[in-house]
Amino acid sequence: MENILNFNEPLDINLLDQIVTVLYNPLSNKNDIKAAQMVLGKFQEHPDAWSKVDTILETSKLTQTKFIALVIMDSLIKYRWKSLPREQCEGIKNYIVSLIIRLSSDPQTSSREKLLINKLNLVFVQILKQEWTTNWSTFIPEIISSSKTNESLCENNMVILRLLSEEIFNFSEEQMTQTKIQTLKITFEKEFSLINDLCFYILENATRASLIKATLETLQRFLNWVPLHYIIEVNGGIAEPSKLVKLLLHKYFPEPLFRNSTLKCLTEIGNLSLGNQQYDAVFIAIIDKFMNQIKFIKPDPSKIPQDYEEGDQGERSFIHTISLFLTGFFKSHLKIMENSLNIPYLTLAHEILVNISNIDELELFKICLEYWNFLSSNLYSDIAIFTTTLLSTPPRLQLYKSVLSKVRVVLIDHMAKPEEVIVVEDENGNIVRETTKDTDSLTLYESMRETLIFLTHLDSENTQHIMLEKLQTLISGREFTFQRLNTLCWAIGSISGAQNKEQEKRFLVTVIKDLLELCQNKKGKDNKAVIASDIMYIVGQYPRFLKDHWKFLKTVVNKLFEFMHESHPGVQDMACDTFLKISKQCKRKFVVLQVEESQPFINELLNQLSTTIAHLEQSQIHTFYEAVGYMIASSSDAAFREKLVNKFMELPNQSWLQIMGAASVNVESLLTVEVARDILNLIKTNNRAAMSLENCYITQISKIYLDLLNVYRTYSDHISRNPNIYRETLGQAMRSVKKETLKLLETFIEKSSDKQVIYSNFLQPLLEAVLGDYRTNIPETRDPEVLSLMTAIITSLKQLVHPEVPKILEAVFETTLSMITKNFEDYPYHRINFFNLIRAINSNAFTVFHNLHPQQFKLLIDCVVWAFKHTERNISETGLHILKELIENVSKNSEVANVFFKTYLVSLLNDILYILTDSFHKSGFALECDILRMMFQVVENGVVKIPLFDPQQASFPSNSEYVKEIVVTFLSASPNVSRPQIHSFVTRLFNLANINNNDFKSATRDFLITLKEWKSHENADLYSDEKNIEKALALKKQSMIPGMVRPNDVNLEMNDL
């Protein structure tokens, strides 16, 4: 096998084919496959491999071998083309062109070698991206000329033009610089007249069906960017479709064989939004022709779902394209369709879309859903205009009243499952507890919920009427299925906040009353479980209503307590989750005395606590305790709060005292698996209570604190004396107790507001118990939660804890580094927690770093560099954050800045350039640019007052010039750019350093693409900032619409007062 790696000898094609055969033959020996993979990998990576491509393509008998050759060529063109001599570039280009012409000119050969030709076309397009406009300006005239010589060749040329259009106009942003993209686009548009003439000529004269289809597919890719006059002609001030568009409308759309491809072209045209009334007549002509034809093709829209179900792939594809055409057309031209002359078309088209929405095909449904969302939000924006007029219904809304009612029915019938529902029907019809989340379903639910909220705003009475009518049908027993009940209840829960309070009250009382009645009447555990889950989901979605209606709230909570005794899978979990949700939103209602009540509900709840949680599992009890904690913490009476906390924690404290009492007699009683697990559950209960009680939890922890630390020490000592016990059940249980103890202490410290009390009364015993244990234990038994706890202490106590930070660093710094610097894989949680701790010290106690011994400080810097070079995204980005904040802190003090930057700036700059230009750290692009810019600012703005270079060894006019030279030298390692180009780029970056951060990033982004260090498919993260800004603006817009923010994400606390 190794013989193919000898590039001094002629390539043995037979041997190469044999190796490829071994690789792709499923019956080959595993060791042989592995050896073949290794040899072929080395062959492809060899810098001279491209020189063998022509030999392989001409003489190999295997298509797979030829594909490997074309992969080698593709890589050469993308990443090394500019470094090749000009004559070699010309030779490669001419060879690929001649091979494509030879294979595609003959219909039989073209058909037989279709896969190879497709790959050759892709390689050729990569050459075009490099050569066209600079070294091959005549490409378009040449390909047009060759297309007229041979129909088979013409068909393939159409494919090449389509691929080129896609590369430039669809996929270029993350592959080419903005200047290059713009140049190619301008050239393409200038020379499009030749392509347009060719397309027209083919469509008017060709008889070969495959050529016509290829032309239509290519034309489709052109239509969203071609100059407008190729689509619309204006004669004497009157606009009309161009000759090409007329050909599509009148010759090809009526023809069944080409109808779908033609409609895709018309879809691109229909999607154009030109904002000029002069062109409206053209779009009316298009929709007129389409609707007249569709009335003939689909005379009964109600049969469209049946046509889809029973039709072949062509029929299904056509219905799919109809949905794209209509939704795209109306998004761009809805207003002109609302003219009285066009209303019949508008009505029929929406009837078609409603029926397409009823097809059981998810992608089709998503297309229609997106349009219904657009239409309903568009109509919603009209409501505000008419609120001050005498018109009860805006005229536009009246126009769509009938279709919107049908859309509501469609959405209710197809409602996706929300995240909160965990009682589901499996594929066998059994009711079970959901074990994994369906993320696609959750995304769909959010889109449907948003659309239903708009539709409810537009006509809440109709929405209510449909929902209540469906509920009555289900209650009567007609058409009852779990699926119908579920989708209805999920829809009811989704519209919370979209009605006024009075409407919501009437609606919800009716719904819950009917569902409770249904729960009573339906027999069988499965039925009751489904109805129970639906009730719990709905009540959990309407906290505003529950807050305003105490009796209903009390009834709901008592019903949840009933469900907590139900053994059906998932019901208890949902009951506890819903109780938690309600407790968060309605907490104050439970701790104040309500009308006609003899005591606050919290008293009643705590008195019956043991009964209520009797049948719950431990994890459910933890959720329950968190829920009750929110209630207690909301009381404004401190004495009452303390009394409630004592009563609340009575049960766990009794168990705790029992265990501690036994331990005081014989500490060995703690060293059993059963006791360790009991302690673990008690600590978890305390942790969940601490989360919600927040500052009130100090009453509880004061009672157990010293015992808690003693248990921690006892388990630590036992594990230290028996290092291998961590592999046994008892050792694992002990470690779990230690971990949960650390989490509880972290929660307590983070949630408590009295930081001085924590520092004075709690911190010293904690540090003594935890730090010594961490330092002396073997690596396998050191808990990463220790690092997380120290981070919380430093972040929460800030300057109070400064005296203790050296002690913390001494215990964990070198100890942890020795664990995590051996490789990039071991101890992943220690890694991220360690760097979070370093970041916390850097942000809150930087003077501690400043006072480190130089050797220790160097170790710290090395550790930060090691972090941001890590391939794990969260560790790398944490390292970048640390460095960014470190530079900010250092720059505040001139003396510190001089020493720091003199010692570290050049090495750190090289490290940042290294990760900026490799392919493993692209996710940190924005942070890397920020740091690079800050480094440039340091030298440009005179933050450093001393020379960064050694005047004895080199002479530079300024630190700026020295740093520029460092950057230029580093980047010069790339063969794809010249030194003058690099000089120009670096000078531009320095000029932008103090001006505009976005321009700085854009310039860096373009240069990285030029360097070709990042492969095209990896460049999405270069644009992450822009995408995040778009998302933030969309969320802000949503938050202005009542009901659009989920009810349990809204802070209703102020309304509790």
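Residues numbered from 1 in each chain as written. Predicted model: local features only at pLDDT ≥ 70, side-chain atom pairs only at ≥ 80, totals over all residues. Heavy atoms only, no water.

## So, the pattern of salt bridges
For the structure on display, the rule yields 43 salt bridges. Of the charged contacts, one joins Arg839 and Glu885 as a salt bridge, the two residues approaching to 2.7 Å between their closest N and O atoms. In this pair, Arg839 is assigned in helix H41 (residues 828-844) and Glu885 in helix H44 (residues 873-890), connecting sequence segments 46 residues apart. A relative accessible area of 26% means that Arg839 is categorised as partly exposed. Judged by its relative accessible area of 15%, Glu885 falls in the buried class. (Salt bridge = Lys/Arg side-chain N within 4 Å of Asp/Glu carboxyl O. Helix = DSSP H or I, 4+ residues; strand = E, 2+ residues; numbered from the N terminus. Buried < 20%, exposed > 50% of the residue type's maximum accessible area, 1.4 Å probe, protein only.)

## Some points on the packing of helix H46 (residues 925-940) against helix H48 (residues 979-992)
Where H46 contacts H48, the two axes come as close as 9 Å, and the packing angle between them is 80°. Of the possible angle classes, the one that applies to H46 and H48 is roughly perpendicular. Across the interface between the two elements, Leu932, Arg933, Phe936, Val939 and Glu940 of H46 pack against Leu989, Phe990 and Leu992 of H48. For the contact of H46 with H48, the residue count by class is 6 nonpolar, no polar and 2 charged. (Axes fitted to C-alpha atoms, helices over the stretch in contact; angles between N-to-C directions. Parallel < 35°, antiparallel > 145°, perpendicular 65-115°, else oblique. Contact = heavy atoms within 4.5 Å. Nonpolar A, V, L, I, M, F, W, Y, C, P; charged D, E, K, R; others polar.)

## Examining the environment of Arg80
In this structure, Arg80 sits in the loop between helix H4 (63-79) and helix H5 (86-104). For Arg80, a relative accessible area of 30% corresponds to the partly exposed category. Spatially, the C-alpha atom of Arg80 lies 9.8 Å from that of Pro47, the residues being 33 residues apart in sequence.

## A few points about helix H14 (residues 256-270)
Between its terminal C-alpha atoms H14 stretches 20 Å, which fits the 21 Å expected from 15 residues at 1.5 Å a residue. At Thr262, H14 is deflected by roughly 25°, the largest bend along its length. Of all 15 residues making up H14, 12 are buried, and the element is well covered by its neighbours. Buried residues of H14: Phe258, Arg259, Asn260, Ser261, Thr262, Leu263, Cys265, Leu266, Thr267, Glu268, Ile269 and Gly270, and no others. Of the surrounding secondary structure, the elements contacted by the buried residues of H14 are helix H12 (209-222), helix H13 (243-252), helix H15 (280-297) and helix H17 (313-337). (Expected span 1.5 Å × (residues − 1). Bend = angle between axes of the 7 residues up to and from the residue.)

## Notes on the pairing of strand E1 (residues 232-235)
Two strands pair when backbone bridges link them, and E1 and strand E2 (residues 238-241) are joined in this way by 4 bridges, in the antiparallel orientation. Bridged to Val234 within E2 is Ala239. (Pairing = 2+ DSSP bridges.)

## Focus on unusual backbone geometry
Even without a glycine there, the phi angle at Glu596 is positive, about 70°. Within the secondary structure layout, Glu596 lies in the loop between helix H29 (571-586) and helix H30 (601-607). Residue Lys798 is not a glycine yet carries a positive backbone phi of 50°. Following the sequence through the fold, Lys798 ends up in the loop between helix H39 (784-797) and helix H40 (805-820). Note on Lys798: relative accessible area 38%, which makes it partly exposed.

## Section: the environment of Leu886
For Leu886, the position within the fold is in helix H44. Counting along the chain gives 22 residues from Leu886 to Val864, while the straight-line C-alpha distance between them is 10.0 Å. Once you skip the residues sitting within four places of it in the chain, Leu886 turns out to touch Asn842, Phe846, Ile861 and Phe900.

These figures capture arrangement, not role.
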